[in-house]
Amino acid sequence: MRKVNNKKTFQCISLLLMLINLFSDVYAQWESDKWLENPVSDEIFQTYLEFFTYDKNLNFDLNIRDKSVTDGILRERITFTSTDSMAVTADYYKPNISNLSEKRPHIIVVHGGTPRGKDGMYNRVVKGLIRNGMNVLAIDMLHFGERKTGLITTFRNDDKATNLYNRKSVYLDWVIQTTKDVSRSFDLLVDHYNALPDKIGYVGISRGGQVGFIITGVEKRFKAAALLIAGHLDALETGHLAAACPANYVARIYPTPTFLLNGTFDSDYDMERSVKPLHEQFNPESTEIHWMEVGHTITDDGFNLMNNWLANTLR
Amino acid sequence: MNIKVIIKEIRTRSIWQIVGIYLVAGWGAFEAVTSLTETAGLPEWFPAASLSLLILFLPVVLAISFIGTDSSNEITASTSEQKSIKDDDSNKIKSSSVNWRIVFMIGASVMILLTILGVIFFPTENSQIIQRDINSDNNISHETDANADIATVNLLSNIENLDIKYFSLNDNLSVKNEVTTEERSLNLNLGQYAFEITSNGFNNLAFNIDVNEKKIYDVEINLIESNDFNNEMQMISTGFLSADETGAIIKNFMMDKFEVTNKDYANFISSGGYENQSLWNIAVGASLYDGDNNFISNKFLDKTNLPAPRNWSGSIYPEGQGDTPVTDISWFEADAFCRWQNKKLPSSNQWWRAALGENDYLFPWGNDMNNLMKRANFESQKAWESSDENIYGASIFGVFDLAGNVSEWLDIEQNNTSTSQIVGGSWQDSSYIFDISINEYLPLTFHSSNVGFRCVK
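1. Overview of the overall build of chain A
Phase 1: Across its full length, chain A carries 9 helices and 9 strands.
Phase 2: Its C-alpha atoms give chain A a radius of gyration of 21 Å, near enough to 20 Å, the size a compact globule of 315 residues would have.
Phase 3: By residue count, 47% of the 315 residues in chain A fall in the buried class.

Set out below in C-alpha cells:
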C-alpha cells in the first residue's frame with residue numbers, strides 16, 4: 001500500500017515541478033506586472049534600502065585623467081572609487097570661464113544601453129544642460145562605455161537582454177551597483193566640486209531612466225529627476241526580481257519633483273504595456289508627464305522641455 | 001513475452017519509481033545548474049550540456065536498474081506461502097537499496113562530470129572578462145607582420161578594366177597602406193579594409209570589408225553603367241539575409257547610394273511633384289485623412305503653407321542644407337518622390353540586404369565598434385551631408401549612411417495600413433538602434449527631423 005502512495009506522490013511532484021518550470025517565464029512576467037498593481041509594503045521596502053547602503057567614508061581616489069575644452073565647455077575625464085574595488089569612469093563638464101557662479105545647479109547624467117556610455121550623452125544632453133546654466137557629471141554604468149567588461153559584446157538589444165537584463169540576480173546586482181555609483185557621484189560633486197546639495201538633479205535616459213526610477217526612489221537627496229524614454233520593462237525583458245522592479249520605487253520618489261518624457265510610438269518601451277501602468281504609480285503632486293509623438297528617441301523639443309524644467313526646478 | 005508480462009516486470013522491478021526519482025532529481029539538478037549559471041557567470045552552454053548529460057544517462061539508469069533488480073525474490077515471495085512476510089520485506093528493502101545505490105552513484109557521476117566541465121571552462125571565460133579592463137578595446141591590435149594570418153579576397157567581376165585601390169586601416173581608421181592594383185585575387189593580412197573600384201563608363205564603387213577570418217572572401221563587384229537614370233545608385237546582387245532563417249532569396253536590385261537630399265527633393269517640387277496626383281498613394285492617404293482627397297495640398301505644407309517638407313520655408317530648403325538628407329516628410333512624400341524617379345521605397349528585406357549582405361555583421365562595415373562616430377552619424381546634433389568622403393561607413397555593396405544619419409522610411413507591406421517601418425537609426429539615436437530585430441512602426445503621416453529615405457529599383 002505504501003509503495004503505491006510513494007509512486008503517486010513521485011508522479012504528482014514530477015508533474016507539478018515540470019509545469020512550474022514550463023511556465024516560469026510567464027510567471028516571471030506576471031510576477032513583475034503584479035508590482036504595478038500592488039507595490040511592496042513599506043516594511044519590505046525598508047529591507048531593500050539596506051541593499052543600497054555604502055561606505056561614505058571610502059576615499060574617492062579621484063583621478064583627473066585629462067582636461068580639454070571644446071565649444072567653450074571644459075571637460076575633465078575622471079575616475080573615482082565608488083565602492084570597494086569598483087572604479088567609476090566619468091566626465092565632469094562646466095563652462096570654461098573663471099568666475100563661474102558657485103550656485104549653478106549640477107546634474108548627474110546616466111546614459112542608456114549604448115556602447116559609448118557617457119560619451120554618447122555629450123552632443124544631445126550635456127551641451128543643452130550646460131547652455132541652460134547647469135554643470136554636468138556624466139558617468140559610465142558598469143559594463144558600458146569605459147567600464148566595458150566583456151559581459152555585453154555587441155550591445156544589441158538581445159545581447160543586453162540575454163546577458164544582463166534578463167539574468168535576474170545579475171541584474172539586481174547591477175542595479176544596486178549603479179545606484180551606489182550614483183550616490184557616490186552625488187557625494188563627489190558635493191565634496192570635490194563644491195556643488196550645493198539642494199541644487200543637484202538626476203537625468204536618466206532609456207536604461208538610465210529605468211534604473212533611475214530605482215535610484216531616485218532610494219537616493220532622496222536629489223532635488224529634481226528627469227527620466228526619459230523609460231518604462232517598467234523593455235521589449236525583450238521577461239521580468240525581474242522585486243528589488244529591481246521600478247514599480248516598487250516610483251511612488252517613493254515623492255516628494256522629489258519628477259519629469260517624465262516618453263514617445264507614443266516607442267517600440268522598446270511600449271506605451272500601453274510598459275509605460276502608462278508605471279506612470280500611474282507616480283505621485284501626481286510631484287510629477288510632470290509629457291508624451292511626444294515619436295519612437296524610442298528624444299527630439300530637440302523634448303530636450304528643450306526638460307532643460308527648461310530642470311533650470312526652473314533647481315533655480 | 002507479451003506486453004502484460006513486460007509491464008508486470010517493470011512494476012515488479014520498481015522501474016517507475018526509479019524513473020520518477022531520476023526525473024525529479026534531474027530536474028532539481030538542472031534548476032540548480034541554471035541558477036548557478038546565472039549567478040556565477042558560468043558559460044552559456046552549460047545548462048544545455050547538463051540537460052544533454054541528464055537525458056543521456058536516463059537510459060543507462062533504466063538499463064542498470066532493470067538488470068540490477070532481482071525480481072525472483074518478490075516472485076518467490078508472492079508464490080510461496082512458506083516464506084514469512086518478514087523475509088519478504090527484508091528482500092524488498094535489499095533489492096530497492098541496490099537500485100537506490102545505483103541511481104545515486106549515477107547521479108553523483110553526472111554531477112562530478114558537470115563540475116569537471118565547469119571547472120575546466122569557467123576560469124577561461126572569467127579570466128577573459130578580467131583581462132578586458134578600461135580602454136581594453138583600444139589595445140586590441142591586428143597583426144600585420146609577415147607571420148600574420150592571411151586571408152584571400154577575390155574580387156569577382158565580368159568587367160575587364162577595373163582600377164582597384166584599397167586601403168589597409170589601423171584600429172583608429174588611419175590608413176596604414178594604400179595599394180593600387182589590377183590583381184583580382186588579393187592575399188591580405190587580417191584587418192579592416194576599404195576599397196575603391198572604378199572603371200570608365202561605370203558608377204564608382206567604394207566599400208568596406210572586415211577581413212577577420214583566415215578564409216577566402218568572394219566579393220562580387222557589380223558596377224552599374226553610368227547614365228542619367230542610374231546615377232548615384234549601386235547594384236545589390238541576388239542573395240539572402242543571414243538573419244532570415246527561411247533563407248528566402250532576394251532578387252538583385254539597385255539602391256540609391258545616398259539618402260535623398262534636400263537638393264534632390266527640390267527638383268521633385270519644382271517639377272510639379274506635389275501637383276501630379278498619379279505619383280501619390282491617394283487611396284491610402286484619403287482613408288487616413290477622413291476622405292480628404294486633397295490631403296496633398298492641405299497637409300504637406302512647409303512653414304509658409306507652401307507644398308514642401310515641414311522644415312522648409314517658401315518651398316525652399318534651409319540655407320546651406322542642400323546636400324543633407326531631406327527630412328520632415330511623411331511616408332506619402334517619400335513614396336511619391338521614388339515614383340517620380342520610377343523607383344520605389346525599399347522593402348525591409350531589400351534594405352537589410354543592402355546593409356549587411358549575407359554577413360552577420362553588427363554594422364554595414366563589419367563589427368568594428370571602436371570608430372562608430374567616424375563611420376556613422378549617431379548621438380550627434382544634426383544629420384551630416386551625403387558625401388563620398390564617408391567611405392568608412394559604406395556597406396559591402398557601396399551604399400552609404402545606412403547606419404545612422406537619418407532613419408529611413410520603408411515601403412508599406414500592405415495597402416490597408418496606417419503605419420510603416422523606419423530603419424537604421426539616426427543622428428538622434430544610439431547605435432544599438434541599428435538592429436534588424438528592432439521594428440519601429442510610425443504613422444504614414446509622421447514627420448520628423450531625423451527621418452528621411454532612399455529609393456530602389
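2. Examining the overall build of chain B
Phase 1: Along chain B, the regular secondary structure elements total 12 helices and 13 strands.
Phase 2: If you take every contact in chain B between residues at least 6 apart in sequence, the share linking residues at least 24 apart comes to 66%.

3. Quick notes on helix α4 (residues 122–131) of chain A
All names here are of chain A.
Phase 1: Where α4 is concerned, the buried positions are Y122, R124, V125, V126, L129 and I130.
Phase 2: The inward-facing, buried residues of α4 contact β2 (73–83), β3 (86–95), β4 (106–110), β5 (135–139), β6 (200–205) and α9 (300–313).
Phase 3: Phi turns positive one or two residues past the end of α4, at G133, with a value near 90 degrees.

4. Re the environment of D173 of chain A
Phase 1: Inspection of the secondary structure assignment puts D173 of chain A in helix α6 (residues 168–192).
Phase 2: Sequence spacing of D173 of chain A and F51 of chain A is 122 residues, and the spatial spacing of their C-alpha atoms is 9.2 Å.

5. Focus on the nonpolar core
Phase 1: Among the nonpolar cores identified, the biggest contains 79 residues, and F195, F207, A334, A354 and W409 of chain B are the most heavily contacted of them.
Phase 2: There are two domains that each give this core at least three residues, and those are domain 2 (138–226) and domain 3 (262–452) of chain B.
Phase 3: In this structure W409 of chain B touches W331, A334, L345, S420, I422, V451 and F453 of chain B, once residues within four positions along its chain are discounted.
Phase 4: Ranked by size, the runner-up nonpolar core spans 71 residues in total, among them V88, I107, F144 and F213 of chain A.

6. Section: the pairing of β3 of chain A
All names here are of chain A.
Phase 1: Here 10 bridges tie β2 to β3, and the two strands are oriented antiparallel to one another. The residue bridging I73 from the neighbouring strand is P95, located in β3.
Phase 2: Taken together, β2 and the strand that follows it, β3, pair antiparallel across an intervening segment of 2 residues, in which S85 is found at a positive phi of about 60 degrees.
Phase 3: Bridge count between β3 and β5: 4 bridges; the pairing is antiparallel. Bridge pairing links A90 to I139 in β5.

7. Observations concerning the sheet that holds β5 of chain A
All names here are of chain A.
Phase 1: Strands sit in the order β1-β2-β3-β5-β4-β6-β7-β8-β9 across an open sheet of 9 strands; the sheet is mixed. The open sheet is flanked by β1 (63–70) and β9 (287–292), the only strands paired with a single partner. Direction aside, neighbouring strands of the sheet carry axes that sit 20 degrees apart on average.
Phase 2: Inspection of the sheet shows β1 paired to β2 by 7 bridges, in the antiparallel sense.

8. Considering the sheet that holds strand β11 (residues 419–423) of chain B
Residues and elements named next belong to chain B.
Phase 1: Taken together, 4 strands build an open sheet; the order of strands is β12-β11-β10-β13 and the sheet is mixed. The open sheet has two free edges, formed respectively by β12 (440–443) and β13 (451–452), since each of these has just one partner strand.
Phase 2: Across 2 bridges, the pairing between strand β10 (residues 407–409) and β11 is antiparallel. The residue bridging E408 from the neighbouring strand is V423, located in β11.

9. Focus: the environment of P105 of chain A
All names here are of chain A.
Phase 1: Residue position: P105 is located in the loop between β3 and β4.
Phase 2: Classification of P105 by C-beta neighbours within 10 Å gives buried; the count is 23.
Phase 3: For the pair P105 and V250, spaced 145 residues apart in the sequence, the C-alpha separation amounts to 24 Å.
Phase 4: Apart from residues lying up to four places away in sequence, P105 is in contact with M134, K199, I200, G201 and L314.

10. Observations concerning unusual backbone geometry
Phase 1: With an omega of 10 degrees, the peptide bond between Y254 of chain A and P255 of chain A qualifies as cis.
Phase 2: Structurally, P255 of chain A can be placed in the loop between β7 (224–228) and β8 (258–263).
Phase 3: The residue E379 of chain B is not glycine, and still its phi comes out positive at about 50 degrees.
Phase 4: Looking at the secondary structure, you find E379 of chain B in the loop between α12 (372–375) and β10.

11. Points about the packing of α6 of chain A against helix α7 (residues 207–218) of chain A
Residues and elements named next belong to chain A.
Phase 1: In contact at an axis separation of 10 Å, α6 and α7 are set at 55 degrees when each is read in the N-to-C sense. Here α7 runs oblique to α6, going by the angle between their axes. Considering only the axes of α6 and α7, their crossing is right-handed. Contacts between α6 and α7 involve V175, T178, T179 and V182 from the former and V211, I214, I215 and V218 from the latter.
Phase 2: Classifying every residue of the contact of α6 with α7 gives 6 nonpolar, 2 polar and no charged.

12. Focus on helix α5 (residues 157–165) of chain A
Residue and element names in this part refer to chain A.
Phase 1: The complete set of buried residues in α5 reads N157, K160 and Y165. One side of α5 carries all its buried residues, which in axial view fall inside an arc of 60 degrees.
Phase 2: Where α5 is buried, its residues touch α6.

13. Structural notes on the confidence of the model for chain B
Residue and element names in this part refer to chain B.
Phase 1: The pLDDT averaged across chain B works out to 83; a share of 79% of its residues lies at or above 70.
Phase 2: The low-confidence segment residues 72–86, where pLDDT is below 50, has 9 contacts with residues more than four positions distant or belonging to other chains.
Phase 3: Contacts of residues 123–145 to residues separated by more than four positions or lying in other chains number 24 contacts, the stretch itself having pLDDT below 50.
Phase 4: Complex prediction metrics read pTM 0.77 and ipTM 0.86.

14. Considering the environment of G128 of chain A
All names here are of chain A.
Phase 1: Examined against the element boundaries, G128 turns out to sit in helix α4.
Phase 2: Assessed through the 18 C-beta atoms surrounding it within 10 Å, G128 is described here as partly exposed.
Phase 3: Distance from G128 to N307, taken between C-alpha atoms, is 6.9 Å for residues 179 residues apart in sequence.
Phase 4: With residues near it in sequence (within four places) discarded, G128 still touches F303 and N307.

Analysis parameters
Residues numbered from 1 in each chain as written. Chains lettered and ligands numbered in written order. Predicted model: local features only at pLDDT ≥ 70, side-chain atom pairs only at ≥ 80, totals over all residues. Helix = DSSP H or I, 4+ residues; strand = E, 2+ residues; numbered from the N terminus. Rg over C-alpha atoms; globule rule 2.2 N^0.38 Å. Buried ≥ 20, exposed ≤ 12 C-beta atoms within 10 Å, placed from the backbone. Contact = placed C-beta atoms within 7 Å. Core = buried A, V, L, I, M, F, W, Y, C linked by C-beta atoms within 7 Å. Domains from an automatic or database assignment. Pairing = 2+ DSSP bridges. Axes fitted to C-alpha atoms, helices over the stretch in contact; angles between N-to-C directions. Parallel < 35°, antiparallel > 145°, perpendicular 65-115°, else oblique. Left-handed = near helix turned anticlockwise from the far one by under 90°. Nonpolar A, V, L, I, M, F, W, Y, C, P; charged D, E, K, R; others polar. Arc of directions from axis to C-beta. pLDDT = per-residue confidence, 0-100.

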